Every structure is written in structure tokens, then in C-alpha cells.
Amino acid sequence: MADNLPSEFDVVVIGTGLPESIIAAACSRSGQRVLHVDSRSYYGGNWASFSFSGLLSWLKEHQENSDIVNECPLWQEKILENEESIALSRKDKTIQHVEVFCYASQDLHEDVEEAGALQKNHASVTSANSTEAAHSACLPAEDQSLSTASCEIPTEQTPSSDPESALEVNDFEATGEKEIHCDDKTCVPSTSEKETSENVPMAEDTAEQPKKNRITYSQIIKEGRRFNIDLVSKLLYSRGLLIDLLIKSNVSRYAEFKNITRILAFREGRVEQVPCSRADVFNSKQLTMVEKRMLMKFLTFCMEYEEHPDEYKAYEEITFSEYLKTQKLTPNLQYFVLHSIAMTSETASSTIDGLKATKNFLHCLGRYGNTPFLFPLYGQGELPQCFCRMCAVFGGIYCLRHLVQCLVVDKESGKCKAIIDQFGQRIISKHFLVEDSYFSENTCSHVQYRQISRAVLITDRSVLKTDSDQQISILTVPAEEPGAFAVRVIELCSSTMTCMKGTYLVHLTCTTSKTAREDLEPVVQKLFTPYTEKEIENEEVEKPRLLWALYFNMRDSSDVSRNSYNDLPSNVYVCSGPDCALGNDNAVKQAEALFQQICPNEDFCPPPPNPEDIILDGDSLQPEASESSAIPEANSETPRESANLRNPEEPSK
């Protein structure tokens, strides 16, 4: 089908990242004919999630800088005299400084079932462009297919039979305004699993049971499909724009979410839990009674700060950090508010920025759990796919591994009129949305990009052990040096369906000042201990063991002005890649703004019609009633495992 597409569409979208996918869904929902293409073999672009072997394939592809799609060398001949072309890039240059380190031991006597494991000796990749280095990092063979468990969109998936379900949140603890139950299969580890993930091997056990308490690289490879590793690390604010859009459009029926269970702080070399809700504050053993009253008084003010301008107007010109020192807060409380609640910069955020961030944090508390954040099961890469599915439901056409050679511009009008794909087919359209990474160096020669430093770690236990080994945590480590940036750490347990049992998947993110490894390795060394054979002799290891680590820099095009691109036609719109922020508000704002330019009088992602509300004629009333009456019986067991939540503010019917 990909080499015989229709020749005309209303909207052509190039790239399947989150903003592009939202726009494609919105346009398709409003009745536009949408073609959504991506030269990659997976959905999501830099927003994607991969299984472990899929991630190794992705690394190999970037390190070899290979072009796996055949080029049509004669596309230039298809440009007419009254036309000119804007060539698109065939290579993704948004990822740089890739470095991989494997600390887990390799048991050479074990048969590795999944392809992609090469024998190595604590290998590391120090060059992003070296083929030899790629092989030394245990990368898959050249002919290995990309095995990404989360990158396929089922073409036929029955929508939720419950028309009122708006957001499904699973949690292993009954928290929040409504009782939330969790699927026992994914959330309740057995006693032996807890021991495996938490206990550190003793010296006397190593001879008899070397495998029981140690996770080897072979095990990670074998369980590779248990991993769903995000390229970009974000969370969803429970009252953020993306959650509101998921509920409004009913796209939430395609995804499930888990609550972030705790917010942590790194202070004086120790990791400790931050009390943020009213219950947490008064149950906290870290705070004195006086501190609890101080904190509650300040947080109450932050919720209503706009109504009391006299209390902060005099401090608008100073940083939020300096403003906190003027309040009746102990240094302990100042640290918690600045780094774990407001999560703002100590040197760059103004008083207004800090108050706004604190209010937003408090506003999101309690909607679905005891923290303001949600995380999608199977990783962030699920979110673009959810919107792609909505687009397909309303008639959008999808083509992966489909390269667009160029945009065709009419010289007289100055507008883009068509694209030419890898097969030489000319496809006409009215509007074209292109993800930033597809533009060539000629188009982006004046663009100044920022960079994001990223690290992905696999560890053997949590940074802060508790009775439960199924904790999902967010931690901010403040910058220590001038010019450096705070590092955001998100730790995911196996119940998020992003890692194998007995391990944790840890994401580190910050704005780049050097290379990713130089920016993030000092934080990694503070929180984790790299696995070495010598540690087996120790009776106890204080820090979690680091089994595997990946560092890379990702392009941040979120603040690039459209005017920075050279000679773009007015009907060609640019979508940016992921930004460094914790939430997804920038992607949603961008998608809505571009949609309003394309369809100025249309509603942005309205909810689809409810099939049960559609009545064709009087004769269909009886059969429809009988079908709908059978639905509750078929799903009678569902509430025992998970809760389908509407917007909590809406009354239940």
C-alpha cells in the first residue's frame, strides 16, 4: 500500500512524535484527509520507547549513522520548471555523544536466547560514530530486526466498552480521592521477588548461589521484552494539559496509568522522602511540629498567592530561592519547597515562577493519588501511539519506513504544493507539518539548538528502600557548580511495565552544559555503586548496584522560532522535538496552536460520538438495548483489578 498511496490529501504530517501525532488526530477528527508518514521503523521519533534489544538496535543505527531506506536518485527530475524543491534530511542528527557501559557480569555458560548479546568485558562506547565501539557495547548483529514491543499500533482494537471511562489509573496502594485497585499480576511481587530485588549477596553465599542474588547481562537480554525504555523522560501532571486532552478526546481509553508514589530529595548525601500532601506533612517524622505548621501555612498561601499581592510584590525582582529565605521557613523546609515541590532553578527562577510552580504542584495533588504525577504503563512511547490510533480510527493513513525526499514549492505562489516520496510518487496536499529533525542543514543553518543530557540506568534496587519494592519515585538533585543545572531523576519499578522484576529503570535528565556523561555521571556516582566482582565480598552495599548505563545528548528544538528556518513556505509548519521540562504542556500547546492555523473554526480534539447515543431509527432501539445490557455482565470482574476513572470533578452517573 505504501508504494500506491492516494495522490491527494488535506494534511501531510511527517514524523510521529507527540505533537505531530496530536495534530494528526485532531485534523483527522475534524474531517481532514490525513497522511502520516515516518522514515523510521517505529512510532514516536524521539518520544519512542524500546525493549532492551530494540534500544540496542536503535543505538547501532545511530552509531553507524546508516541509511536503511532506499533513496530514489531521480526525484530531482520530477521537479517542474515553475517549481523548486526543499530537500529533507535522510539522517537523524538529533542524538549525539552516545556512551554505553555494562557493569553486570556476563555468565558465559548461559545460553542467551535473544539476539543482540555479544561477549564483552565491561565494555563501553566512547565514540558515537565508531563501528568497533558499537560492537564492544554488546550491540545487536546488523541483520537483527528492531524488536520493539511497544511500537506497534494494533489496527483492530475494540474501544473500551465503558463509555464513561476517561482515565484508567492502576495503583498498588489505595490512595487518592477514589479507591484504586491494581492488577495483581503486575503490582504485587512475591516474597521471593522482593528478596531477589532487595537483598544484597553475602560473602558466604557466593560460592553456593552465585546466580540467585545477582542479575547478569544474560538475564537482562533474556528478559529484554520486559523493558520499555523511553528516549525522553517525562511525567504527566494530573491536571496538566495532556491529561485534560486525553480525557476530553477519550484517547485515554487506549492507555493505562500509574501514580507516582513518592517524591524524594537528595540532601547532605542522603535520599529522603518529601512530605507534600497534608496527610504526608502531619505524618512525617522528619519535621518537627513547628515545621509542620510553618510548611502548611506557606503552602496554603501559595494556593491563594494571587489574592494577596502585597505579600510578594516587593520580592518580584529576586529569585524564588532568596524569597523563601524571607519567609518563616527553616532551611530544611526551604530546600524541600525549592527542589522537590516547586522544582525550580535555585539561580534562575523568579519569585513569581516559584509561586506559580508551587501552586500548580499543589493544585494537582489528590486528583488521582497522593502525588501530582502519573506515568503511562509501558512508557511514554505509548502516548504518541494513542493519538495515532485515534487518527487512524477517523480515516488517517499511516506509513512507517516511508521516506519523503523533498517538499515541492510553487514558485509563483510561494506555497508548498506536494511531496515526493522514496518511490518517486508525488502527493499533493494543502498543509504540511514537518518534525524539526527532518529538515536539512541548509534549512536549519541559522537555527541555534539547545541540548538535553540524558542517562538511562538499570539498577538492582531502589535509591530509598521501603517495605514495598514497587515504588515509583521522582528526585531532584540540585546543581553544585555554577553554570550547571539540576538533575531530575525518575525511578521506575517493574509494575510500570518498563523493566524486569528485580530491577529498576532510572532516567536522569538535565539541560546540557557539557556532554551527557560529564553532566550526569557525578549524580550517578552519588546515588549508585557500579557493580564489580569485589563487591561480592562485602556483606552489605549501601547504594543500589548499577548494572547497565546509557548516556546521550538529545536536541531540544522547543524554543526555536519559525523565522530561524530558511525560506519555509507559509503552509509548512514545524513541530519541535521533546523539551527538557517535566511535563508535556509544550507539546500540547504547540499542537493546538498549529491546528488552529490549519482549521481555525474547528474544535480541538472533541470527544467522539458515543455509539450508544446514536439512534438510526425506531426499529434499532430494541437490539441496541439488549446489546448494551450485556456489557456490564461481560465486564463484571474489571473493577476488582483496576479502576476506570472519569474526571474526578464530574459526578458519577
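Conventions and cut-offs
Residues numbered from 1 in each chain as written. Predicted model: local features only at pLDDT ≥ 70, side-chain atom pairs only at ≥ 80, totals over all residues. Heavy atoms only, no water. Salt bridge = Lys/Arg side-chain N within 4 Å of Asp/Glu carboxyl O. Helix = DSSP H or I, 4+ residues; strand = E, 2+ residues; numbered from the N terminus. Buried < 20%, exposed > 50% of the residue type's maximum accessible area, 1.4 Å probe, protein only. Core = buried A, V, L, I, M, F, W, Y, C linked by side-chain atoms within 4.5 Å. Contact = heavy atoms within 4.5 Å. pLDDT = per-residue confidence, 0-100. Polar contact = N/O pair within 3.5 Å; in protein donor to acceptor, adjacent residues only side chain to side chain.

Engineer: What should I look at first to understand the pattern of salt bridges in this one?
Structural biologist: Close approach of charged atoms lets side chains of opposite charge pair. Under the defined criterion, the tally for this structure stands at 24 salt bridges. Residue Glu 83 is joined to Lys 417 by a salt bridge in which the shortest nitrogen-to-oxygen separation is 2.9 Å. With Glu 83 in strand 4 (residues 83-87) and Lys 417 in strand 15 (residues 416-421), this pair connects stretches of sequence that are 334 residues apart. Of the residues examined, Glu 83 reaches a relative accessible area of 4% and is grouped as buried. The class for Lys 417 is partly exposed, based on a relative accessible area of 28%. Residues participating in the shared-partner salt-bridge network are Glu 83, Asp 410, Lys 417 and Arg 426.

Engineer: Any chance you could explain the nonpolar core here in plain terms?
Structural biologist: The tendency in soluble globular proteins is for nonpolar side chains to be buried as a group. Formed by 74 residues in total, the largest nonpolar core has its most connected members in Phe 52, Phe 298, Phe 320, Phe 373, Trp 548 and Leu 550. Discounting chain neighbours no more than four positions away, the residues touching Phe 373 are Leu 235, Leu 236, Tyr 237, Lys 258, Asn 259, Ile 260, Ile 263, Met 343, Phe 361, Ile 474 and Leu 582. With 46 residues, the next largest nonpolar core counts Ile 22, Leu 245, Leu 433 and Ala 587 among its residues.

Engineer: What am I meant to see in helix 11 (residues 331-341) here?
Structural biologist: An α-helical segment advances 3.6 residues per turn. Residues three or four places apart therefore align on the same side. With 10 of 11 residues buried, helix 11 lies mostly within the body of the structure. If you check which residues of helix 11 are buried, you get Asn 332, Leu 333, Gln 334, Tyr 335, Phe 336, Val 337, Leu 338, His 339, Ser 340 and Ile 341. Close packing links the buried residues of helix 11 with strand 10 (262-267), strand 11 (270-273), helix 9 (289-303), helix 10 (320-326), helix 12 (351-364) and strand 19 (473-477). Just beyond helix 11, the residue with positive phi is Met 343, at close to 55 degrees.

Engineer: Would you take a moment to explain the confidence of the model for the protein for this structure?
Structural biologist: Interpretation of this model should avoid reading the predicted coordinates in detail wherever pLDDT is low. Summing up the model confidence of the protein, the mean pLDDT is 79 and the portion of residues at 70 or higher is 74%. Every residue in residues 66-70 scores below 50 in pLDDT, and together they form eight contacts with partners more than four places removed in sequence or on other chains. Low pLDDT, under 50, characterises residues 115-165; the stretch is placed with 111 contacts to residues that sit more than four places away or in other chains.

Engineer: Explanation requested: the side chain of Ser 453 in the structure shown.
Structural biologist: In this structure, Ser 453 sits in strand 18 (residues 450-459). Residue classification places Ser 453 among the buried positions, given a relative accessible area of 0%. Side-chain polar atoms of Ser 453 contact the side chain of Asp 519, separated by 2.7 Å. Ignoring anything within four residues of it in the chain, the contact list for Ser 453 reads Leu 508, Thr 509, Cys 510, Thr 512, Thr 515, Ala 516, Asp 519, Leu 520, Phe 552 and Asn 553.

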